[in-house]
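# What the coordinates show
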Amino acid sequence: MLELRSVSARYGSFQALFDVSLDVRAGEAVAVLGPNGAGKTTLLRVISGLLPVAAGELTMEGRSLLDLPPHRIIETGIAHVLENRRLFPRMSVEENLKMGAFIRGARARFRERLDVVYELFPRMAERRDQFAGTLSGGEQQMCAIGRALMSGPKILLMDEPSAGLAPVIVEQVFGLVDRLRGEGYTVLIVEQNVQQVLQLVDRAYLLEVGSIKTSGSAAELAADETLRRAYIGI
Amino acid sequence: MTGRRLQYAGLAVLVALPFVGVPEYYMHILVLILIWGFVYTAWAIMGRFGLVSLGHGAFLGIGAYTVALAWNLLGLTPWLGIPLGVGLAVLVAVVIGYPCFRFRVVGHYFALVTLALGEVVRLTIVALRDHTGGSLGLTPNRYGEGTSLYALQFADKEVFYVIALLLWLAGIWIWRRVDASMARFAMDALSEDEDAAASVGVHVTAQKLRITMLSAALTALGGGVYAQYLLYVNPGTVSGIGVSLQIVFAAIAGGMFTALGPTVGAMITIVLAETLRIAIGTEVIGLDTTIYGVMLILFIIFLPKGVLGGLIELYERRTAGGAGAMAGKREVGGGA
């Protein structure tokens, strides 16, 4: 479904990604793991067009995304849940969700999708008139995921959904991701929380200083000695 | 609803005014309030979304000078001169706005760019003194007896009052249209978080550019009408820092988040300036403008949502009785 071939990206003169190749098949959940500064966020920003590709090929269902601006990429079915939620704090929950359905193709189905999101996250229905900035961290993550779902995506890019949340809330958030998988969404998730995320996904890539170090099924990586030592500490 | 009835009543009064023999001086003040109210509204159409322009004098000046120069030098009727000025202002807005928005020049940096733009236009007008009359200003040539639809010149203040009223109503109508549109949501969203707005599919550059073009066009239109009304344009009064800041202050003082806020700003600033000017006169030079400045600062500090915005908030808080979810929502909004 989503395919990256030798993708490089840079911030000015600083190269952040080196020849990254990665693919996500329909219905899969794939994780990109790695430490701070490895380029995980950059990778997602490149896919959703917030950062241009410096070299390489990037396709969604066989269609190149290289020349597409972000507002066209989302129309191909890629929704990005940004790092740190990034809600519109002074808009209500429902207005945030409404913004999620901003693209032309999604506006007509706004009501229908709103019901889907409220069914998925009843808490959001309870808080629909509340300013998004006043939600708790876990609720904000729900709202951010809900907002991404409003565009009717085929694949959901999630950037560290567990960041800055209490352990019990992290548990809940991963529960949400699991439910999304159950709903048939394809998920590409970026995480530092290696142990928990490996229980959730089918496959994973390990990204270090901008290049893919290793990849494999979740079970393989969970058993990998070097990975265990470096990231799980057992 | 009483609100709607109040609106019609207010409109009826405004329409009736020229027929009841209002003294000329007050008619003049009313026309000024309507024209400036329109210009302040045009500024606030983009200003409310965090696109704070400190250089709207540029667009005002382009509108005013284009119509006057087209008339004097080319004999072009203001009916064509005004659209020409509007077109030029939009062109300048694109030339300045596109690179700013494309390369994410936001906040203070954007304000500085616009500040420079206002000065560039003023200095250009002064520098072209052979045609524009430089800092002495320019007087459009009188046509015939002084009243002509073709030349858009009217000896009667009442006629211009009607023109200014129509202009102002158009401005409020456009504001409402923008306010009810999806673009308003997009602008609200990107003024809060540009990346997040881009991530949900808002074309940030295009969206900002469109609202800036609209604001510039309306401001230039106001400038053109202002020139026709006074039949005198001066680089200091239609362009440059002074008038640019006056636009910002008045719109903020009145309340830039409500349709009528900028107009209230025009009423307050013009009435205040006139009252102070008459009360103090020329005995202590500069005292009136000093008091005017101090009062504006006080308005802005103590009524951050503007006079009208503050009053509306007070009224809503009263009627809501301070309880319920909505009141809680407002608290948060007022605090930030």
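These numbers were taken from a predicted model, which means no experiment stands behind them. (Residues numbered from 1 in each chain as written. Chains lettered and ligands numbered in written order. Predicted model: local features only at pLDDT ≥ 70, side-chain atom pairs only at ≥ 80, totals over all residues. Heavy atoms only, no water.)

## Re the overall build of chain B
- Helix and strand counts for chain B stand at 16 helices and 0 strands.
- The C-alpha radius of gyration of chain B comes to 20 Å, within 12% of the 20 Å expected for a compact globule of 336 residues.
- Each principal axis of the C-alpha distribution contributes one length, and for chain B these read about 65 × 50 × 40 Å.
- Here chain B, with 336 residues, has 49% of them falling under the buried criterion.
- Long-range pairs, those at least 24 residues apart, make up 78% of the contacts in chain B between residues at least 6 apart in sequence.
- One way to put it: in chain B the 20 positive side-chain charges average out to a point 7 Å from where the 18 negative ones average out. (Helix = DSSP H or I, 4+ residues; strand = E, 2+ residues; numbered from the N terminus. Rg over C-alpha atoms; globule rule 2.2 N^0.38 Å. Buried < 20%, exposed > 50% of the residue type's maximum accessible area, 1.4 Å probe, protein only. Contact = heavy atoms within 4.5 Å. Lys, Arg positive; Asp, Glu negative; His and termini not counted. Charge placed at Lys NZ, Arg CZ, Asp CG, Glu CD.)

## What to know about the environment of Phe38 of chain B
- In this structure, Phe38 of chain B sits in helix H2 (residues 24-47).
- Among all residues touching Phe38 of chain B, those that are not within four sequence positions of it are Leu167, Trp168, Gly171, Leu218, Leu221 and Gly222 of chain B.

## Topic: a nonpolar patch on the surface
- A surface patch of nonpolar side chains, amounting to about 540 Å² of accessible area, comprises Tyr8, Leu11, Val15, Phe19 and Val20 of chain B.
- Looking at where Val15 of chain B falls in the secondary structure, it is placed in helix H1 (residues 2-16). (Patch = residues over 30% accessible without salt bridge, like charges linked within 9 Å, V, L, I, M, F, W, Y side chains within 5 Å. Areas by Shrake-Rupley, 256 points an atom, 1.4 Å probe, with all protein chains shown as cover. Salt bridge = Lys/Arg side-chain N within 4 Å of Asp/Glu carboxyl O.)

## Some words on the nonpolar core
- Grouped together as the largest cluster of nonpolar side chains are 92 residues, with contacts concentrated most on Met99 of chain A together with Trp36, Tyr40, Val202 and Ile211 of chain B.
- The element contributing the most residues to this core is H2 of chain B, with 16 residues.
- The contacts of Met99 of chain A, once residues within four sequence positions are left out, are Phe88 and Met91 of chain A together with Phe185, Ala186, Ala189, Val200 and Val202 of chain B.
- Ranked by size, the runner-up nonpolar core spans 50 residues in total, among them Ala106, Met150, Val197 and Ala204 of chain A. (Core = buried A, V, L, I, M, F, W, Y, C linked by side-chain atoms within 4.5 Å.)

## Here we look at the side chain of His71 of chain A
- Relative to the assigned elements, His71 of chain A resides in helix H2 (residues 70-73).
- Setting aside its immediate chain neighbours within four residues, His71 of chain A contacts Ile103 of chain A together with Gly201, Val202 and His203 of chain B.

## Some details on the sheet that holds strand S10 (residues 211-217) of chain A
All names here are of chain A.
- If you trace the 6 strands from one edge of the open sheet to the other, you get S6-S7-S8-S3-S9-S10, paired in mixed fashion. The sheet is open, and its two borders are formed by strand S6 (78-81) and S10, each paired with just one other strand. This sheet shows a mean twist of 15 degrees between the axes of neighbouring strands, independent of strand direction.
- In this structure, strand S3 (residues 29-33) lies alongside strand S9 (residues 203-208), joined through 4 bridges in parallel fashion. Within the sheet, the bridge partner assigned to Val32 lies in S9 and is Tyr205.
- Taken strand by strand, helix H7 (residues 137-149) contacts S6 and strand S7 (155-159), and its axis lies near 165 degrees from that of S6. (Pairing = 2+ DSSP bridges. Axes fitted to C-alpha atoms, helices over the stretch in contact; angles between N-to-C directions.)

## Here's the deal with the side chain of Glu139 of chain A
All names here are of chain A.
- By the element assignment, Glu139 lies in helix H7.
- Within the structure, Glu139 has its side chain in polar contact with the side chain of Arg123 (distance 2.8 Å).
- Look past the residues within four positions of Glu139 in its chain and what remains in contact with it is Arg123, Met124 and Arg127. (Polar contact = N/O pair within 3.5 Å; in protein donor to acceptor, adjacent residues only side chain to side chain.)

## Brief notes about the domain arrangement of chain A
All names here are of chain A.
- Taken domain by domain, chain A consists of domain 1 (1-77 + 155-234) and domain 2 (87-153).
- Relative to domain 2, the C-alpha centre of domain 1 lies at a distance of 23 Å.
- Domain 1 puts 16 residues into the contact, and the matching count from domain 2 is 12 residues.
- Linking domain 1 with domain 2 are 0 salt bridges.
- Across the contact surface, domain 1 and domain 2 share 1 residue pair in polar contact (both at pLDDT 80 or more).
- At the level of secondary structure, the elements contributing two or more residues to the side of domain 1 that touches domain 2 comprise S7 and helix H8 (167-182).
- No other element matches the 5 residues that H8 contributes to the side of domain 1 that touches domain 2. (Domains from an automatic or database assignment.)

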